[in-house]
Every structure is written in C-alpha cells, then in structure tokens.
Amino acid sequence: MQKSVIYITRKIPRTLVEPYEDTYEFRMWDKADEPVPRDVLVTEAKNADGLLCLLSEKIDADFLDQVPNLKIVANMAVGFDNIDVNEAKKRGIVVTNTPDVLTETTADLTFALLMATARRITEASDYIKQDQWNHWSPFMLAGSDIHHKTIGIVGMGRIGEAVARRAKGFGMKVKYYNRSRKPNAEQELDATYLAFDELLETADFVVSLVPLTAESKQIFNKEAFEKMKRSAIFINASRGGVVDEAALIQALENKEITAAGLDVFEKEPISADHPLMKLENAVCLPHIGSASTATREDMISLCFKNIAAVLTGDEPLTPVN
Ligand code: DGY
C-alpha cells in the first residue's frame with residue numbers, strides 16, 4: 001500500500017522522524033533556518049496528506065484551494081493566527097496546534113524578558129563589551145525593581161497563569177485582564193481581575209500574552225500607552241499584531257512609558273536597522289518564547305502525534321477547529 005505523505009516545512013533532525021518512517025513518507029524543506037518559498041510549499045503540499053508547518057507559513061484560502069489531498073495542518077506553535085482556520089474547516093482539513101508542551105518554557109522566557117528589561121541586563125552586558133565600565137557610580141545602569149511590584153497580565157491563558165506563578169515567587173501583586181474571568185487563577189494565585197483600562201493604569205509591568213485575533217488586533221495602541229504609568233514596562237510575548245508598533249516606538253521615544261521587552265513584532269523577522277533596535281529602552285528578542293531544545297522537540301512530536309491520529313482516522317490530540 002502506498003504510504004501517506006507528510007511534508008515538513010523546515011529541516012528537522014532525522015531522529016524525530018525515524019519512529020514514523022515505516023508508516024509515512026516524509027518530505028522536508030532542506031533548510032533549517034530559511035522558510036520554504038511559497039511555490040515550493042504549494043507544489044509539495046499538493047501531494048501531501050499531512051503538513052507540519054511553522055508560524056511563518058501563511059495557510060490561507062488561496063493555499064488551501066491548491067492542496068486537495070491535505071487532511072491535516074499541524075502548526076508547530078500554540079498561536080495559529082497564520083492559519084485561516086475557517087477556510088480549513090470548510091474544506092474538512094483539521095488544524096492542530098501545540099498547547100501545554102510549551103507553557104512553562106514560554107513563561108520562563110516571558111519572565112526572563114521582564115527581568116532583563118527592568119534591570120537593563122542586555123544594556124549592562126553591552127556596557128562592558130563596549131568597554132565603558134571605568135568606574136562604579138551610584139546610579140550606573142540603575143533599573144526598576146521587580147519584587148513586590150504589580151504585574152498586569154493581558155491574556156490569562158495557560159502561559160499567563162504560568163507567568164503569574166513566577167510573579168508570585170517574586171512577591172508581586174497579580175492583576176489580569178481576560179475575555180472571561182478565571183476563578184481558579186483568582187483563588188490559587190490571588191489574581192485580581194481588572195477591566196483593560198484599569199489594568200493599564202495601575203500595573204507596573206503590563207504583560208501581553210493575548211492571542212492575535214480580530215478583537216485583540218492592536219489593542220496596545222496610542223491610547224493604551226497613554227493610559228500606562230510613566231514608570232510602566234511593557235512586555236510582549238504573544239504576537240506583534242496586538243501592538244500598534246508606531247505608537248509603541250513613540251511612547252518609548254517620548255518616555256511615556258519606561259521600557260519595553262519584546263519577543264514578537266508586527267512583521268518578523270526584524271533587522272538591526274529597525275527603529276526599535278535604536279532605542280536603549282527596548283529589549284528585543286527574535287521570537288524565542290518556546291525555544292528550548294526539549295520543548296521544540298516536544299512540539300514537533302506533538303505535531304506528529306496529531307498527524308498520525310488524523311491520518312489513521314482518530315481524533316487529533318490538540319485540534320483548534
Ligand atoms: C507559539 O507557539 O505561538 C510561540 O509564539 C512560538 O514560540
């Protein structure tokens with residue numbers, strides 16, 4: 001019998017594919033650090049039954065129209081704003097994501113980014129690299145305290161709760177805004193629900209972990225930054241699209257807020273000449289929220305489990321549609 005074909009949009013270690021090689025034929029884009037060109041993706045996906053893709057691939061109606069054999073799109077990310085889920089559903093194509101396996105790793109990175117921004121860690125490291133450390137002085141590279149401050153989490157999903165647990169360890173007060181109240185988080189983490197505006201006005205750290213949807217698009221806009229305290233630090237580890245980047249740059253330049261720590265951007269990747277990279281009060285990372293080796297392997301493995309389930313007629317483990 002002919003094997004079902006699975007196309008993987010980036011080069012991944014062969015060892016991760018091996019357990020499934022008897023059952024499936026794997027085809028793979030041969031570069032680890034470069035996205036597959038759209039035309040190659042379409043050509044390959046035309047013959048594929050399953051697709052393992054990354055958040056950099058746009059899976060829209062135009063793509064889905066050209067891939068009649070495809071039964072599942074397994075996105076190697078928890079966010080799936082790169083996929084038109086309704087269009088996939090119309091065509092009977094299952095879409096899956098990778099929740100849970102990346103929760104703690106992404107929360108680690110979010111909290112690390114918060115700390116790096118507040119205590120100016122990258123700037124301080126560069127200070128020595130640029131040979132500027134000639135003396136010790138009272139306010140040299142002085143930043144903001146983290147302990148006992150108020151963290152305002154926008155998007156209290158699994159990662160939001162995991163960040164709140166870390167914040168509790170630092171004696172922080174946890175406030176949150178979410179589409180729906182989270183009674184468990186309120187009880188277990190002593191988290192206080194606030195309206196969005198109230199959270200912006202009162203938090204020392206405003207942390208975005210909200211998925212990008214039509215409702216959350218650019219919720220962090222000029223008005224939102226104006227509402228924040230001048231001492232506020234804004235952290236974004238969800239999606240760049242939830243921020244009006246021009247408004248953020250203006251708020252940072254004019255010191256309307258103190259600093260921002262960003263793992264995600266409106267248009268990725270950004271380069272060294274991006275305006276945010278020119279700002280001392282912005283810490284920018286190349287979207288590495290879930291980037292630990294173990295977690296990336298777990299994410300790939302979950303994608304394979306989802307693909308195998310769908311191709312054998314079982315329910316996927318983590319469907320989004
Ligand atoms: C996700 O899974 O959505 C993350 O952004 C990847 O790091």
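Notes on the structure in this doc start here.

1. Things to note about helix H12 (residues 293-311)
- Taking 1.5 Å of rise per residue, the 19 residues of H12 would be expected to cover 27 Å, and the 27 Å separating its terminal C-alpha atoms lies within 8% of that figure.
- Among the residues of H12, Thr-295, Met-299, Ile-300, Leu-302, Cys-303, Phe-304, Asn-306, Ile-307, Ala-308, Ala-309, Val-310 and Leu-311 are the ones counted as buried.
- At the C-terminal side of H12, Gly-313 shows a positive phi close to 85 degrees.

2. Observations concerning the sheet that holds strand S11 (residues 259-262)
- Ordered in space as S8-S7-S6-S9-S10-S11-S12, the seven strands form an open sheet in which the pairing is parallel. Two strands lie at the open edges of the sheet, namely strand S8 (192-193) and strand S12 (282-284), each paired on one side alone.
- Relative to S11, strand S10 (residues 233-236) runs parallel, the two being bridged by four bridges. The residue of S11 that forms the bridge with Phe-234 is Ala-260.
- Packed on one face of the sheet, helix H7 (residues 158-169) meets strand S6 (150-154) and strand S7 (173-177) and runs near 175 degrees to S6.

3. Some details on the layout of surface pockets
- Empty space within the second largest pocket amounts to approximately 320 Å³.
- As for the second largest pocket, its lining consists of 15 residues, and the residues nearest its centre are Thr-122, Glu-123, Asp-126, Leu-279 and Glu-280.
- Breaking the lining of the second largest pocket down by element, the ones donating at least two residues are helix H6 (121-129) and S12.
- Considering only residue class, the lining of the second largest pocket consists of nine nonpolar, three polar and three charged.

Conventions we followed
- Residues numbered from 1 in each chain as written.
- Predicted model: local features only at pLDDT ≥ 70, side-chain atom pairs only at ≥ 80, totals over all residues.
- Heavy atoms only, no water.
- Helix = DSSP H or I, 4+ residues; strand = E, 2+ residues; numbered from the N terminus.
- Expected span 1.5 Å × (residues − 1).
- Buried < 20%, exposed > 50% of the residue type's maximum accessible area, 1.4 Å probe, protein only.
- Pairing = 2+ DSSP bridges.
- Contact = heavy atoms within 4.5 Å.
- Axes fitted to C-alpha atoms, helices over the stretch in contact; angles between N-to-C directions.
- 1 Å grid on protein atoms, 1.4 Å probe; cavity = no way out; pocket = protein on both sides within 12 Å on 5 of 7 lines; lining within 4 Å.
- Points joined across faces, edges and corners; volume = space filled by probe spheres on them.
- Nonpolar A, V, L, I, M, F, W, Y, C, P; charged D, E, K, R; others polar.

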